[in-house]
Structures are given as structure tokens and as C-alpha cells.
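Close look at the chain arrangement
So the chains spell out like this:
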Amino acid sequence: MPNTMFALDIGTRSVTGILLEMEESTYQVLDYVEIEHTERSMRDGQIHHVVAVAEVIKHVKQLLEERNNLTLHKACVAAAGRSLKTTKAKATITLNNQPITEQEEIKHIELLAVQEAQRNLIKEEKQDTLIHYCVGYSVLKYQLDNEDIGSFIDQQGETATVQIIATFLPKIVVESLLAALQRAELEMEALTLEPIAAIQVLIPKSMRRLNVALVDIGAGTSDIALTDQGTVIAYGMVPVAGDEITEAISDQYLLDFPKAEQMKRQIVNEGEAQIEDILGFETVVTYNQCVEDIRTSINRLSDQITDEILRLNEKVPRAIMLVGGGSLTPELSKNIAAKLDLPENRVAIRSIEAIADLRKNDQTPQGPAFVTPIGIAIAASQNPVHYVTVTVNKKRIRMFEMKKLTVGDCIIQSGIDTNKLYGKPGAGIVINVNGRDMTIPGSVGQPPLIYVNSESASLDDFIKNGDIIEVQTGASGDSPCLRLNEIVDPPNLNFYYESELITLPTKIFVNGTIRNRDYIIQDQDNIEWKDKLTVQDFSELKSIPTKDVFYVYVNNREYTIPEASTTIHINGLEVSKENIISNKDKLEISSFISPTVSDLLRHLDTEMEQTCKIMFNDSSVVLRQPLALIYRNNEQLSMDSLLYEGDQIQLMEDVPKPFIFQDVFRFISLDIYNLDPGFKLYRNDRPTSFDEIIQPGDRLEIK
């Protein structure tokens, strides 16, 4: 029967074997067998005695073979969901505002986060090495500078962070399953996970966007799986289940374990049960009485289930599905609804009637206990899990193929530190620009070189059994190599000075030396330039003399001569030497001329001489008489003598004296000693003498 599938549900108390026939997209139960373990060879869903479990599996197999006249060679099995470990982790890399441009770089950060999850799990398990298979991971969020973002491609920032949730399965779970099957003369046809098996048949993908909890309550454990946002987000387990209730009934009514189990089922199915305790007394126990007598155990089971749901989900889910034989525990669904503050119709027991793809017939078992066995067969056929053996850098590893495996998965499982595969970023340099430090990062390291069977490959490439993978560390980045004009490139300044167009290139100094724009920047360079030009800068550059104040010392006292200072105009407005020159400005600077003694005396409001204008022999003559004497370094100065800034001037003033006739001869060319002895002097037509005082306007004559 080529379309017949054989599935095994290897539970804590029993092994259920089921034959399922697939026809197109539907399934039909052909036969099933359930046999309990003769000893406690299973604990919490984990095989503890391979030989004992293998004997039960062989017995189930033989019964199905005999009843259906066939030979079974392969079986679909499930790994206990309680064995799965789900761990969240994150990884952060520094970008230095260099954007990510390749999907391969994002994959690298994701794998760093997965390895961080591995390290976290090793710490939790207190192991030296990882004893789990990473069976998959999902990205929870990307963050750029601690802000959520959809994609890193072409985004600039300081840091990139990836948060993931990774799922791991202990290697011992798979190895023990393989050993038990081998002893029962069976091969593992396909492998799935118990929670996934139940979800596969009860919660279609279209419903997995809802936050729903599925609880598989078996004999020894209660397995929990949670869906949200289209996927299974978490798995969990509590070590209490149906046997806890059976033991409570056994203690309460003095029954051995098999009779207590029988009573529990009868109470659930018929509403009451007639029992005989170990002392021989017979009693009829009703449903309500039983609930009250074992309420403490029911509460403990519901408490542990709800606590684990809240721990895994961090909130109350939208609905809860209960499957497995233990889900029929009296009042359990009501208790769970009450503890989670959910309506009672949001916590429901689901049986095989809820499996949409199952065609019912007389052989179809009833109740929620068979959801998982049927789900194992269907899930294993739809999403089988296989082992794949590959070689990574000459190390053979075996992978648990819950999905299509990639090169990245193999590198993770091999234990290679992916952080060391990526080339190191080039060393950055630090420079100082006009007093401010600036860090220039080096180029990013290159991704690792990956080869699969000697051909170039990427982290996302799928692998197959027997592939040989070689991984080489990527090349490291380089230190930055930048020219000066790539960091600073101040523009030239263009303006007019006295109608002449002036173009001044900005000078850039590197470590005190002028450098051209092609200079290659080095680490610790100190770069300076003046991006603002003042009138003072320009006058010094062009050697244009300017003076704000001209001062001299007169008799040891400082005096300034404002008329001697330079005047500056920009665009027609008078400004100071500190004024900034901008593009297209029109600059005018008045020429500086050194002042004279006359300028100084005018500023001091001091007369250096008195004059007297007269007429002599019909000619105009101006008589002059000093009122002050000016000396510089013992040298007498005239009114036209130039002064220099900082001169030490000695000024000696005199009392004015009246002019006399005789003074005229100092200002005319006349030799009085050769005159005719009979000459006479006249003042205003009247005879006078040499020592007579004269006044301005007098008419003097000599005859």
C-alpha cells in the first residue's frame, strides 16, 4: 500500500501506532493500536530505557502488520515539544554611518544573534559545549540606532541590531528515538515535533496570525505551543498531566493505579462510577463528588498550565485549545478559563472531529487523545524532517532538517564563530579640524569566502546531504585614504578693492604648514583654515598701511591725532578693521599720510607764531615771531616737519612780544648798513625810529 503511512506516538504511559491512508489531500485511518509501557521506561516524554520502549514499539508494529497483512519498515515519529528550547537573543554591529548594501551582510548579523542564542543556551544548561540542534530561528525586529526599521539596506546610522528567536532540540532526543526504532527494526521515515503535529491539523496557517495556545495534556506532561503573527512563537512543558489526576483519585478512594485510571474515564464518560477499594468496600462516586474530592489536584494542574502559558506568551492568549487524553480532566477547561479571565467558550477541548482533512470511518478513533498521533502522520508527510550530513572545514556534522537547510545553518551547527569570519574593519583615523576632533572610519571588512563542493556560494544557499563546505575569513578593511579636499574644501573669496577684482584662495594649514588640496590626510593631523577674512587680514596681506589712532607724546603726555587715522568703507558704509569681507563686496581704504607739526599744534589748539602784515616801501611784508619752539631729540622742528607715531615732542611756549620797526629788516632784502647816512624812517607818513612799536596794517618807509 504505497499511500499508507505508519505513525508512532511514543508517550509517557503508552505507545500508539496508527495506519493512515492518504488520498489526494485527505486522510483516512485504516487501523490503530495503543499499548501501555510495562515499566517506567519513559519519563516526561523522554526515552529513558531504549530497550524497553523498543519492545513496546515492536509489539505495536507486529499487531498492525498481522491485522492488516503488511510489513512495516518505516515509521513517522515525533520529538517531544517539551524538549525544545526557545531562546531570544540579539546582535549589534557598528556601522559608522556606512550603509549596508548587501543582503549577505544582514544574514551575517542574524547568524551572530543565533550564535548569541547558542551561548545563552549553553549557560542555561551549564554545559561546556552545545548539546542541541538549532532547528530554526525567526527575526523579531531590525533596529537602527535602537529604532525599529524594516530593512537595513542603504540605511545610514551608527549601529545595526537584529533580535531573533531561535529554537533548539537536544541531540539526545533524536538519538534515543533512532536507537529505539532501530531495535524495533524500523527506519525513521520522517520526524516532526509533537506540538507542531497537533497544530498542523488543528490550526491552519491562516489562523496562526492569531495568538492561540495549544495544550497537549498527556499522561506525564502537558506540552504547550503558542502561535502568533503567522508562526509558532514558543514551546513549553509542565511536568504534570493526566497521571497527576489518576494518582489523586487513587489516593482519595484507595484504588490501585489501573483501577483509578479506569474510574477516571468512567466518571468522564458516564457521569458516575462504581468502585471497590483495596479493602473490598464498594462505593458509587458521582461526577460532582469526584470533582470536589480531587479539586486540589485539578487546581494544581490548571495553575501550572496557565502559569507556563503566561510565562511563554507574556500575556493572555486569544484562545486555548486542549488536546490529549488528559484534556478530559473534569472541570479543567473551566478552571483554565477562570484563571486567565477568559470566557469559557475561549477554552475548548478539540478532538479528531476538528481535523478538517480527515475522512471519518468506523476505524476512526474518538476523542482528543488521538489528535496528536494522527497529526504526527499528517505533519510528517507534509513537513518531514530528515538528517543531513555535511562537512564544514573538514569537520563532519549532522543536521536536523526541520526546514531547507542553508550554508549559514551548517556554519552555526559546526560551532564556527561567525563574528570572526567577517573581515575586520580598517583602522580609523582621528584628525582635528579647526579645533574640533573628527573620526574617519576605515572601510568595512569583506564577507567570508564560502565554497560548496569547490564552487562559490553564499550563506543563504541551500545544501544537500554530503555537501563539502569550506569557509575562509573575509579580507579586512583598509584605513581611510582621503585627500584634503575630500574633507575640507573652502571656496575662494572674490571682492573689489578700489575697483580692482581681488580673488583670494583660502589657505589650509596642516600641522602648521600650508598644504594643497591633494594632500593625503594622516592620523592625528591638525587642519586649520580661516573661512572669514577681515579688513585687517586683507590690509596685512597686501601691506596696506592703516591706522586707527596716531599718537605722540608732548612734554611726556600722550596725545592722539584723529585726522591721521585710516577710514574704511565697504559698499559705501564706514566700517572698522574687524569687519568681515564677503563675496562681491566693494572695499575702499583711505591712504594714510603722516601728520606734521602744524597738524599737532592745530589739534592742541596752540599757536606756534604770531604774525603782523604791514606795507614796506609799497610792498606787502608779513612779519613772524615764534610763540612756541618744537623739539624732537633736541632737534628743532618746523611747522612742515613730519611726525612719527610715538614721537617724544618737547614744546616750549613763549610770551608774545610787540613787533618794532627794526623787525622788518629780518623779512626783506635790504642792507641797512650801506644806506646813505641821511636816510629817514617813516610810519604812516610820520617820522619814526627803529624801536617804535608797529601794528598790523602800518605803512613803513625808509627814505
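Treat the numbers as computed from the prediction; the structure is a model and nothing was measured.

1. Details of the overall build of the protein
Scanning the protein for helices and strands turns up 14 helices and 46 strands. For the protein, the spread of C-alpha atoms along the three principal axes comes to 190 × 65 × 45 Å. Counting across all 703 residues of the protein, residues that qualify as buried make up 47%. In the protein, 62% of the contacts between residues at least 6 apart in sequence involve partners at least 24 apart. A total accessible area of about 36,700 Å² is found for the protein, and carbon and sulfur atoms account for 46% of it. For the protein, the centre of its 68 positive side-chain charges and the centre of its 103 negative side-chain charges are spaced 1 Å apart.

2. Details of the environment of Gly271
Along the polypeptide, Gly271 turns up in the loop between helix 6 (257-270) and strand 15 (272-276). In the structure, Gly271 is positioned 146 residues away from Glu125 in sequence and 46 Å away in space, judged by C-alpha atoms. In contact with Gly271, other than residues within four places in its own chain, are Gln266, Thr286 and Tyr287.

3. A closer look at the packing of helix 8 (residues 295-313) against helix 9 (residues 332-339)
For any two helices packed against each other, the geometry is given by the interaxial angle and the distance between the axes. At a minimum axis separation of 9 Å, helix 8 and helix 9 run at an interaxial angle of 50°. Of the possible angle classes, the one that applies to helix 8 and helix 9 is oblique. Considering how the two elements wind past one another, helix 8 and helix 9 form a crossing that is right-handed. Together, Ile298, Asn299, Leu301, Ser302, Asp303, Ile305 and Thr306 of helix 8 and Leu332, Asn335, Ile336 and Lys339 of helix 9 make up the contact between the two elements. Across the contact of helix 8 with helix 9, the residue classes tally to 5 nonpolar, 4 polar and 2 charged.

4. A look at helix 8
Working note: α-helix, 3.6 residues per turn, so residues spaced by three or four point in the same direction. Taking 1.5 Å per residue, 19 residues should reach 27 Å; helix 8 reaches 26 Å between its end C-alpha atoms and fits that length. By the burial criterion, the buried members of helix 8 are Ser297, Ile298, Leu301, Ser302, Ile305, Thr306, Glu308, Ile309, Leu312 and Asn313. One side of helix 8 holds all its buried residues, which, seen down the axis, span an arc of 160°. Exposed residues pointing more than 90 degrees away from the buried face of helix 8 are listed as Thr296, Asp307 and Arg311. Directly beyond the C-terminal end of helix 8, a positive phi value near 65° is found at Glu314.

5. So, the nonpolar core
In terms of nonpolar packing, the biggest core is built from 62 residues, with Leu8, Leu20, Ile57, Leu186, Leu202 and Ile374 touching the most fellow members. Discounting residues that sit within four places of it in the chain, Leu186 has contacts with Phe6, Leu8, Ile57, Lys61, Leu72, His73, Lys74, Ala75 and Leu181. Counting 38 residues, the second-largest nonpolar core is a separate cluster that includes Ile164, Val452, Leu459 and Ile463.

6. Remarks on the pairing of strand 10 (residues 159-170)
In terms of residue burial, strand 10 counts as a mostly covered element, since 10 of its 12 residues are buried. Two strands pair when backbone bridges link them, and strand 7 (residues 85-94) and strand 10 are joined in this way by 10 bridges, in the antiparallel orientation. Along strand 10, the bridge assignment pairs Thr87 with Ala166.

7. Structural notes on helix 14 (residues 597-604)
Every buried residue of helix 14 is accounted for by Val597, Leu600, Leu601 and Leu604. The buried residues of helix 14 occupy one face: seen down the axis, they fall within an arc of 95°. The inward-facing, buried residues of helix 14 abut strand 33 (551-554), strand 34 (557-560), strand 41 (628-632), strand 42 (635-637) and strand 43 (648-653).

8. Quick notes on the pattern of salt bridges
Think of it this way: side chains of opposite charge can pair up when their charged atoms draw near. Going through the model one piece at a time under the given rule, you end up with 15 salt bridges. Lys264 is the salt-bridge partner of Glu261, the closest N and O atoms lying 3.4 Å from each other. Note that Glu261 and Lys264 are positioned in helix 6 at a spacing of 3 residues, about one turn of the helix. For Glu261, a relative accessible area of 8% gives the class buried. Under the relative-accessibility criterion, Lys264 is labelled buried at 11%. Taking the shortest distance from any N to any O, the salt bridge between Arg265 and Glu261 comes out at 3.1 Å. Placement of the pair is Arg265 and Glu261 together in helix 6, with a separation of 4 residues, close to one helical turn. A cluster of three or more residues bridged by salt bridges with shared partners is formed by Glu261, Lys264 and Arg265.

9. Focus on the sheet that holds strand 33
If you walk across this open sheet you meet the 5 strands as 34-33-43-41-42, and the pairing is mixed. Of all the strands in the sheet, just strand 34 and strand 42 have a single pairing partner and so form its edges. Put simply, the sheet's adjacent strands are angled 40° from each other on average, direction ignored. Sheet topology note: the strand 33/strand 43 ladder contains 2 bridges and is parallel. The residue of strand 43 that forms the bridge with Tyr553 is Gln648. The strands touched by helix 14 are strand 33, strand 34, strand 41, strand 42 and strand 43; relative to strand 33, the strand with the most contacts, the crossing angle is about 75°.

10. Some thoughts on the sheet that holds strand 46 (residues 699-702)
Taking strand neighbours across the sheet as the criterion, the 5 strands line up as 40-39-46-44-45 in an open arrangement whose pairing is mixed. Both outer strands of the open sheet, strand 40 (619-626) and strand 45 (686-687), are each paired with one neighbouring strand and no more. As defined by bridge partners, strand 39 (residues 609-616) adjoins strand 46 across 2 bridges and the pair is classed as parallel. Counted as the bridge partner of Phe616 is Leu700 from strand 46.

11. Describing the confidence of the model for the protein
The share of residues in the protein with pLDDT of 70 or more is 92%, and the mean pLDDT across the chain is 82. No element of the protein has a lower mean pLDDT than strand 21 (residues 395-401), which averages 71, and none a higher one than helix 9, which averages 92.

12. Notes on the packing of aromatic side chains
In the structure shown here, the tally under the stated rule is 8 aromatic pairs. When the centroid spacing of 6.5 Å and the interplanar angle of 75° are considered together, the rings of Phe616 and Phe661 count as edge-to-face. One end of the pair, Phe616, is in strand 39; the other, Phe661, is in the loop between strand 43 and strand 44 (681-683), and 45 residues separate them in sequence. For the residue pair Phe616 and Phe661, the accessibility class agrees, reading buried in each case. Linked through ring pairs, Phe616, Phe661, Phe665, Phe679 and Phe690 together constitute an aromatic cluster. The ring of Tyr682 has Lys703 sitting right over it, with the charged end atom 5.1 Å from the ring centre.

13. Side note on the environment of Val51
You can see Val51 is positioned in helix 1 (residues 50-68). What makes Val51 partly exposed here is its relative accessible area of 45%. Placed 133 residues apart in sequence, Val51 and Ala184 show a C-alpha to C-alpha distance of 9.0 Å.

14. Comments concerning the side chain of Thr688
The residue Thr688 is located in the loop between strand 45 and strand 46 in this model. The class of Thr688 is buried, set by a relative accessible area of 16%.

15. A few points about unusual backbone geometry
Of note, Asp145 is a non-glycine position whose phi angle comes to about 55°, a positive value. You can see Asp145 is positioned in the loop between strand 8 (132-144) and strand 9 (147-149). Exposure remark for Asp145: the relative accessible area of 35% places this residue in the partly exposed category.

16. Quick word on the environment of Arg67
Tracing the backbone shows Arg67 in helix 1. Separated by 36 residues in sequence, Arg67 and Asp31 have C-alpha atoms that sit 8.5 Å apart. If sequence neighbours within four positions are ignored, Arg67 has contacts with Asp31, Tyr32 and Val33. At a separation of 3.2 Å, a polar atom in the side chain of Arg67 contacts the main-chain carbonyl oxygen of Tyr32.

Each value, and the rule that gives it
Residues numbered from 1 in each chain as written. Predicted model: local features only at pLDDT ≥ 70, side-chain atom pairs only at ≥ 80, totals over all residues. Heavy atoms only, no water. Helix = DSSP H or I, 4+ residues; strand = E, 2+ residues; numbered from the N terminus. Buried < 20%, exposed > 50% of the residue type's maximum accessible area, 1.4 Å probe, protein only. Contact = heavy atoms within 4.5 Å. Areas by Shrake-Rupley, 256 points an atom, 1.4 Å probe, with all protein chains shown as cover. Lys, Arg positive; Asp, Glu negative; His and termini not counted. Charge placed at Lys NZ, Arg CZ, Asp CG, Glu CD. Axes fitted to C-alpha atoms, helices over the stretch in contact; angles between N-to-C directions. Parallel < 35°, antiparallel > 145°, perpendicular 65-115°, else oblique. Left-handed = near helix turned anticlockwise from the far one by under 90°. Nonpolar A, V, L, I, M, F, W, Y, C, P; charged D, E, K, R; others polar. Expected span 1.5 Å × (residues − 1). Arc of directions from axis to C-beta. Core = buried A, V, L, I, M, F, W, Y, C linked by side-chain atoms within 4.5 Å. Pairing = 2+ DSSP bridges. Salt bridge = Lys/Arg side-chain N within 4 Å of Asp/Glu carboxyl O. pLDDT = per-residue confidence, 0-100. Phe/Tyr/Trp six-rings, centres within 6.5 Å; stacked < 30°, edge-to-face > 60°. Lys NZ or Arg CZ within 6 Å of the ring centre and 35° of its normal. Polar contact = N/O pair within 3.5 Å; in protein donor to acceptor, adjacent residues only side chain to side chain.

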